[in-house]
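# Architecture at a glance
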Amino acid sequence: MYITDLYAISPQKTHDLSFENGDWQTLNQYIYTAIEPSYQDLIPNGQLRRMGKAVRMGIGVSLPLLARNPKPDGIIFGTANGGLEDCIKFLNQIVEYNEGTLTPTNFVQSTPNALAGQVALLSENQGYNMTHVNGSLAFESALLDAVLYFDEHQQTDKSILLGAVEEISDYNYNIDRLGNRFKEELISNNDLLNSQTNGSYCGEGSTQFFLSNNPKGSLAKFSAFKQSSSLSEEEIVDFVQAFLAEQNLNPADIDCLLLGKNGDILTDSWYDQVQGLFRNKPLVFFKKAVGEYRTVSAFASYLAVRLLNGGAKHLVENGTTDQPRTILIYNHFDAVRHSLILIQK
């Protein structure tokens, strides 16, 4: 699958490419809130004020991509908690108004597929439309769906708008906080990986890619990906090696490694195991920039494409990547769900 265009809203200034050109936001906060652009030129005010945050961020990414690309044949998104904030508002209204007259907006915006539906309506797109709600593997599930779609349409040029969106709602944030997923103490994201405590910091954002099965004009390609929910820490190195062998690669062929290390002393050892397999390779720890959330692998893929095209060099640690051709992303959530994504020039 060839990536011809991409765009992201995140806790860094990715919406205007400042981040990719070296503008690093130091974050000293418990919640890494997305830095949103002005939507005034994109979304009419009447629609904007009715949109939940997940839909707003998603539309804010989709519309610029749709404006500079042909109408896609499919729209595929992945999310774990998209729309949950509006869902809670709607449920609270049921109680508050005793199941009487309720505001329909919260209901309309509360479903995870609200973003895909809104994008289709705004762009008058009647093609394939799908949202995958599969927890921390939602983006990988969307990737798999895109592969299957292209496999079914090999004889003609096809394109897909693929992406992921995640918002921080009070409800899911408090649930994760009670599950000890977030730190109690406050430290800078610059020092995140040096902490010796449990948990990380919560992030959010929307990342989208315009994909094609035609390599013409592409920036990079999703070459392969793999996921698992049944690994022990002793098996993770074999899992990575087997993945590389399936692609006729070895660790020496990887030009840069993107790891989802998040400062959690309980689970970062998995990343240390994988890092040991790629000794002296350039590294990028992408969660230092945007925090931890369930579809953060989409943002990691965004960074990989930028690195392959000469951007975001300030993120690279342990070496340089002047002309990388092959990047491997490894991410896990709670050391339970693991994913590998291979992106090549």
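Residues numbered from 1 in each chain as written. Predicted model: local features only at pLDDT ≥ 70, side-chain atom pairs only at ≥ 80, totals over all residues. Heavy atoms only, no water.

### What to know about the packing of aromatic side chains
In plain terms, the rule: Only Phe, Tyr and Trp rings take part, Trp by its six-membered ring, and two of them pair if their centres are within 6.5 Å. Stacked means planes under 30 degrees apart, edge-to-face means over 60, and tilted covers everything else. Secondary structure is summarised from DSSP: a helix means a run of H or I of at least four residues, a strand means a run of E of at least two, and numbering begins at the N terminus for each. Classification of residues uses two cut-offs on accessible area relative to the type maximum, computed with a 1.4 Å probe and protein chains only: under 20% is buried, over 50% is exposed, and between them is partly exposed.
Under the defined criterion, the tally for this structure stands at 12 aromatic pairs. When the ring of Phe299 is compared with that of Tyr302, the centres are 6.0 Å apart and the planes differ by 20 degrees; the resulting orientation is stacked. Here Phe299 pairs with Tyr302, and both are found in helix H11 (residues 296-308), just 3 residues apart, close to one helical turn. On the basis of relative accessible area, Tyr302 is assigned to the buried category, the value being 0%. Aromatic rings pair up to connect Phe19, Trp24, Phe299 and Tyr302 into one cluster.

### Topic: the pattern of salt bridges
What counts is decided by this rule: Criterion for a salt bridge: a side-chain nitrogen of Lys or Arg within 4 Å of a carboxyl oxygen of Asp or Glu.
Applying the stated criterion to the full structure yields 11 salt bridges. Note that Asp176 is salt-bridged to Arg181, the shortest N-O span being 2.7 Å. Residue class for Arg181 comes out partly exposed when judged on its relative accessible area of 24%. One salt bridge connects Asp176 with Arg294, and the closest N-O pair in it is separated by 3.0 Å. On the criterion of sequence distance, the pair formed by Asp176 in helix H7 (residues 170-178) and Arg294 in the loop between helix H10 (287-290) and H11 is long-range, its members being 118 residues apart. For the pair shown, Asp176 and Arg294 are each scored as buried.

### So, the sheet that holds strand S5 (residues 159-166)
The following threshold applies: Each pair of strands is called paired provided DSSP finds at least two bridges between the two strands. All axes here are fitted lines through C-alpha atoms, helices being fitted over the stretch that makes contact, and every angle between N-to-C directions spans 0 to 180 degrees. Contact definition: two residues touch when any of their heavy atoms are within 4.5 Å.
Strand order in the open sheet formed by 10 strands is S4-S3-S5-S7-S1-S8-S12-S11-S9-S10, and the pairing between neighbours is mixed. Looking along the sheet, the strands with just one partner apiece sit at the ends: strand S4 (128-132) and strand S10 (283-285). Put simply, the sheet's adjacent strands are angled 20 degrees from each other on average, direction ignored. Looking at chain direction, strand S9 (residues 256-259) and S10 are connected through 3 bridges and run parallel. The residue of S10 that forms the bridge with Leu259 is Phe285. Contacting strand S3 (74-78), S4 and S5, helix H5 (residues 114-123) runs over the sheet at an angle of about 155 degrees to S3.

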